[in-house]
Amino acid sequence: MKILLIGNGGREHAIAWRLSQSHHQPQLYFAQGNPGMQELGQRLDIDVTDLQGLLLFAQKEQIDLTVVGPELPLSMGLADLFHEYGLKVFGPVQAGAQIEFSKAFAKKLMLDNGIPTAQYRFCEREADALATLNEFSAPFVIKEDGLAAGKGVTIAETQAQAEAAIAAAFQKNMPVVIEEFMHGQELSVLAFCDGKTVLPCIAAQDYKKAGEGNTGPNTGGMGAYAPVPLATDELMARIQSTVLEPTVQALQAQGITYQGILYAGLMITPDGTPKVVEFNARFGDPETQVVLPLLADDLVDLMLATVNQTLHDYAPTGLRFQPDTTAVTVVLTAAGYPGDYPKGQPITFPQYLETDTLIFHAGTKVLPDQRKVTHGGRVINVTGLGQTLEEARQRAYAVVQQIQFEGKTFRRDIAAQPALALLHKP
Ligand code: AMP
Ligand code: GLY
């Protein structure tokens, strides 16, 4: 079996690693992948946005399954194009990916179908947006309507900050969504969907703020852990029946068969109600780096069941995860991230990897002389597994200490206080 995986971050390294363990023993191709994935398959010089190039390669090599990591190719219609040519793709069609790249589409879908989320107003003109602020109170939530990799949201403590965020969005010609601020704890649920059946993974929590104690700017994610004690069976059942299933059904009612991962970013409000913060049309990063290491089912089988619409075969038991095991991932970033940061700093890795730890590359590059250097904001993810959260955490941080590069930056409090982890702080 030949699988083409699109993307090059820590998420894709984790997906590649898990695919490589399948009983199908797939031959893996990566567009473009990263240096950490080199030993798992063949890296190709095709950009994730080069849809024609990807299609030609998949046809020429008779690829059996294409797995899409990032949202960008999905938002450009990669799945639609591949379907046209009879190729199998794990990832939704463009109309389905709107759930991520159009906040307006996602919000309307939720409102029309009674799916719980924050009150909101969609504003296409700056003057409207400024006037609309009066309908809300601080903290104001201002979201740019477009793909933003988790960075297009401003939580403004004051009216002046909110006005500045609105001005910044319209300077880029981005309409905005203004939202009610939701209090509570965040939870990420990644669910496999074949258009009919929805099967959630264990929940994860993602640390989005750059600084310890959840301070500083939003990032793509500084660390994560799973499973989450807050996500009881009862809460997961409620998420399934009030969020995941109605969303996939509402899409289907519009003629959109949603196949791939539906990522629900949720706020669990103080009374225990799950409300949607955002949807994504793909695996989360860095949630994938804690969820996939715990997945007990074969990932290739699951992805094939998703594209072949046979996920209901798994429904009686649900997806299976390693019992009594917790995973923690810590993201090592370049100094300055999420702002400007240097590239090209040499990285040294531990000679031996301790058991129950995993290193996933994110923003790295190999030089012609084989040295590995930093090449992105999020550079490396270290995942630790353990019987307890504390054990998993200690294993991850032990390896974090063994990886060196100039400017290495990370949060020391990932999974330290899970109950308080994601409460918003200005
Ligand atoms: P998003 O890109 O929509 O996931 O937003 C990024 C982050 O901003 C979320 O993970 C939350 O921490 C925060 N956020 C977004 N919307 C809200 C909201 N309505 N209430 C509170 N926090 C929010
Ligand atoms: N961890 C947040 C995201 O993948 O969007």
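Heads up: the structure comes first, above all this text.
Summary of the structure given here.

How each quantity is defined
- Residues numbered from 1 in each chain as written.
- Chains lettered and ligands numbered in written order.
- Predicted model: local features only at pLDDT ≥ 70, side-chain atom pairs only at ≥ 80, totals over all residues.
- Heavy atoms only, no water.
- Helix = DSSP H or I, 4+ residues; strand = E, 2+ residues; numbered from the N terminus.
- Rg over C-alpha atoms; globule rule 2.2 N^0.38 Å.
- Buried < 20%, exposed > 50% of the residue type's maximum accessible area, 1.4 Å probe, protein only.
- Contact = heavy atoms within 4.5 Å.
- Near = heavy atom within 4 Å.
- Polar contact = N/O pair within 3.5 Å; in protein donor to acceptor, adjacent residues only side chain to side chain.
- Nonpolar A, V, L, I, M, F, W, Y, C, P; charged D, E, K, R; others polar.
- Salt bridge = Lys/Arg side-chain N within 4 Å of Asp/Glu carboxyl O.
- Areas by Shrake-Rupley, 256 points an atom, 1.4 Å probe, with all protein chains shown as cover.
- Pairing = 2+ DSSP bridges.
- Axes fitted to C-alpha atoms, helices over the stretch in contact; angles between N-to-C directions.
- Parallel < 35°, antiparallel > 145°, perpendicular 65-115°, else oblique.
- Phe/Tyr/Trp six-rings, centres within 6.5 Å; stacked < 30°, edge-to-face > 60°.
- Lys NZ or Arg CZ within 6 Å of the ring centre and 35° of its normal.

Considering the overall build of the chain
Looking only at helices and strands, the chain features 12 helices and 22 strands. Here the chain has a C-alpha radius of gyration of 21 Å; the compact-globule value for 426 residues is 22 Å, and the two agree. Judged by the C-alpha coordinates and their principal axes, the chain covers about 55 × 45 × 40 Å. Within the chain, the proportion of its 426 residues that are buried is 58%. Taking the intrachain contacts of the chain between residues at least 6 apart in sequence as the baseline, contacts between residues at least 24 apart amount to 69%.

As for unusual backbone geometry
A negative phi angle characterises most non-glycine residues, just as the trans form characterises most peptide bonds. Residue Q32 is bonded to the preceding A31 through a cis peptide linkage, with omega at -10 degrees. The residue after A138, namely P139, is reached through a cis peptide bond having omega -5 degrees. Examined against the element boundaries, P139 turns out to sit in the loop between α7 (126–132) and β7 (140–144). Despite not being glycine, N214 shows a phi value in the positive range, around 55 degrees. Relative to the assigned elements, N214 resides in the loop between β13 (209–211) and β14 (215–218). Among the residues examined, N214 registers a relative accessible area of 6% and is labelled buried. Here D324, not a glycine, exhibits a phi torsion of approximately 50 degrees, which is positive.

Here we look at the site of ligand 2
Taken together, the neighbourhood of ligand 2 is formed by D206, G220, Y263, N280, R282, G284, D285, P286 and E287. Within the contact set of ligand 2, an oxygen atom lies 3.4 Å away from a side-chain nitrogen or oxygen of N280. One of the backbone nitrogen or oxygen atoms of D285 is found 2.8 Å away from a nitrogen atom of ligand 2. A breakdown of the residues in the shell around ligand 2 according to their chemical character gives two nonpolar, three polar and four charged.

Some details on the pattern of salt bridges
Scanning the model with the defined rule gives 20 salt bridges in all. A salt bridge links R371 to D369; the shortest N-O distance between them is 3.2 Å. Accessibility expressed as a relative area gives 46% for D369, which makes it partly exposed. Linking E390 and R393 is a salt bridge whose minimum nitrogen-to-oxygen distance equals 3.9 Å. Of the two residues, E390 and R393 are both situated in helix α12 (residues 389–402); the distance of three residues between them amounts to about one turn of the helix. For E390, a relative accessible area of 39% corresponds to the partly exposed category. Given the relative accessible area of 13%, R393 is considered buried. Each of E71, E100 and R282 takes part in salt bridges that share partners, so that together they form one network.

Considering the site of ligand 1
Taken together, 16 residues lie near ligand 1, and K143, E179, M182, E186 and E278 sit nearest. Here an oxygen atom of ligand 1 sits 2.9 Å away from a polar atom, N or O, in the side chain of K143. Between a nitrogen atom of ligand 1 and a main-chain N or O atom of M182, the distance comes to 2.8 Å. Relative to its unbound accessible area of 470 Å², ligand 1 is 95% covered by the protein chains. Looking at the shell around ligand 1, the elements with two or more residues in it are β7, β8 (153–156) and β17 (274–280).

Quick look at the sheet that holds strand β11 (residues 198–200)
Here we have four strands laid out as an open sheet, ordered β11-β10-β16-β17, and antiparallel in their pairing. The outermost strands of the open sheet, each flanked by one partner alone, are β11 and β17. Neighbour to neighbour, the strand axes of the sheet diverge by 35 degrees on average, direction disregarded. Relative to β11, strand β10 (residues 185–194) is paired through three bridges, and the arrangement is antiparallel. Bridge assignment links A191 to a residue of β11, and that residue is P200. In this fold helix α11 (residues 299–307) packs onto β10 and β16 (259–268), with an angle of close to 70 degrees to the strand it touches most, β10.

Here we look at the packing of helix α5 (residues 94–101) against helix α6 (residues 103–112)
Across the interface, α5 lies against α6 with an axial gap of 6 Å and an inter-helix angle of 95 degrees. Compared by their axis directions, α5 and α6 come out roughly perpendicular. On α6, the residues touching A95, Q98, I99 and F101 of α5 are K103, F105, A106 and L109. By residue class, the composition of the contact of α5 with α6 is six nonpolar, one polar and one charged.

Regarding the packing of aromatic side chains
Aromatic rings considered in pairs are described by the distance between their centres and by the relative angle of their planes. Here the structure, examined in full by the defined rule, presents eight aromatic pairs. Measuring from ring centre to ring centre gives 6.5 Å for Y207 and Y225, while their planes differ by 55 degrees; the resulting arrangement is tilted. Placement of Y207 in the loop between β12 (205–206) and β13 and of Y225 in strand β15 (residues 223–226) is noted, with a sequence separation of 18 residues between them. Residue Y225 is classed as buried on the basis of its relative accessible area, which comes to 1%. Linked through ring pairs, F90, F192 and F283 together constitute an aromatic cluster. Looking at R282, its charged tip hangs above the ring of Y263, at a distance of 5.8 Å from the centre.

Nothing here speaks to function; it is geometry throughout.
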